[in-house]
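Here are the chains, one letter per residue:
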Amino acid sequence: MPPSHVTPSPHPLTTSQRDKEIDTIVQGFVTKSQANRDIYRAILECVLPLGAGVPGPIVARDELRQAVEKIKPGYRDPFRRVRELQGEEGLSGLVKDGNKYQLKYTDIDAKREPRRAVSQQTVQKLVHNQGERCTVCSKEISAEDTRIDVDHRVPRLRGGTTHETNLQVLCRECNIAKSTQCNGCDLICRTCGWAHPEKHRLLKLEPELVLQVNREASRSKKETPDQLANRLLSESLDQLRRSLQDQE
């Protein structure tokens, strides 16, 4: 489950206290890129604005994007910088829940392994070893395809390395879906179908079936879609098991 937001502090920091908090975090940055440092600071100033305390206010995704836009007009991926703050820079108190963010605390955890580019030779080797298919959905892919992503099986936020054994190549759609599922997850990666789809195949439901479950859950208002789907699947499996036993 994603980390839940908490009630923002009713005790605002003074301007000097707030600036000191941000300066302390910035001074500990491991990145050597001044451009990234500037973006990190803009993000920090957004999640800990003047007049706020810690825990800070709950900030919408668009507010973060606009904060970065002010110093880097047209910047395409500010949320990659957010993930780096949470990971490489150790700011685990910056949490995401849905499409909103909050700075719950300013303590810095141990730094993560810096992000390193994966060579094209490694990408080609991974794609070849995967049979030129996305490991999750089995869609055909190639090393030259611009709609593929090199994914860390165990996310870097959870200590995953950039060693070849922790990498897989996914189509863009599956990589986005995996990132969403991994956010805030505390399950064991080695038994996860996203991290090791070749060992633990993911359950794939037709979109129309998912829509039907959502509709029925919305109508009854007694169960969430997950609860309804799990109950129906459990009942169906019990019925199938009894049927097979009767045939023996």
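Quick note: structure is the one above.
Everything numeric in this text was worked out from a predicted model, so none of it was measured.

Below, the discussion takes up the sheet that holds strand 3 (residues 100-103). An order of 1-3-2 is seen for the three strands of this open sheet, with the pairing classed as antiparallel. Lying at the two open borders of the sheet, with one neighbouring strand each, are strand 1 (59-60) and strand 2 (94-97). Of the pairings in the sheet, the one linking strand 2 to strand 3 comprises four bridges and is antiparallel in character. The partner of Asp 97 across the bridge, within strand 3, is Lys 100. Each of strand 2 and strand 3 touches helix 4 (residues 78-86); the most contacted strand, strand 2, lies at about 125° to it.

Moving on, we come to the packing of aromatic side chains. Here the structure, examined in full by the defined rule, presents two aromatic pairs. Taken together, a centroid distance of 5.0 Å and an interplanar angle of 70° make the contact between Phe 29 and Tyr 40 edge-to-face. One end of the pair, Phe 29, is in the loop between helix 1 (15-27) and helix 2 (34-47); the other, Tyr 40, is in helix 2, and 11 residues separate them in sequence. Relative accessible area serves as the criterion here: at 2%, Tyr 40 is assigned to the buried category. Residues Phe 79 and Tyr 101 carry aromatic rings whose centres are separated by 6.1 Å and whose planes lie at 15° to one another, so their mutual orientation is stacked.

On to the side chain of His 152. Here His 152 is to be found in strand 4 (residues 148-152). Using a relative accessible area of 13% as the deciding quantity, one classes His 152 as buried.

Parameters at a glance
Residues numbered from 1 in each chain as written. Predicted model: local features only at pLDDT ≥ 70, side-chain atom pairs only at ≥ 80, totals over all residues. Heavy atoms only, no water. Pairing = 2+ DSSP bridges. Helix = DSSP H or I, 4+ residues; strand = E, 2+ residues; numbered from the N terminus. Contact = heavy atoms within 4.5 Å. Axes fitted to C-alpha atoms, helices over the stretch in contact; angles between N-to-C directions. Phe/Tyr/Trp six-rings, centres within 6.5 Å; stacked < 30°, edge-to-face > 60°. Buried < 20%, exposed > 50% of the residue type's maximum accessible area, 1.4 Å probe, protein only.

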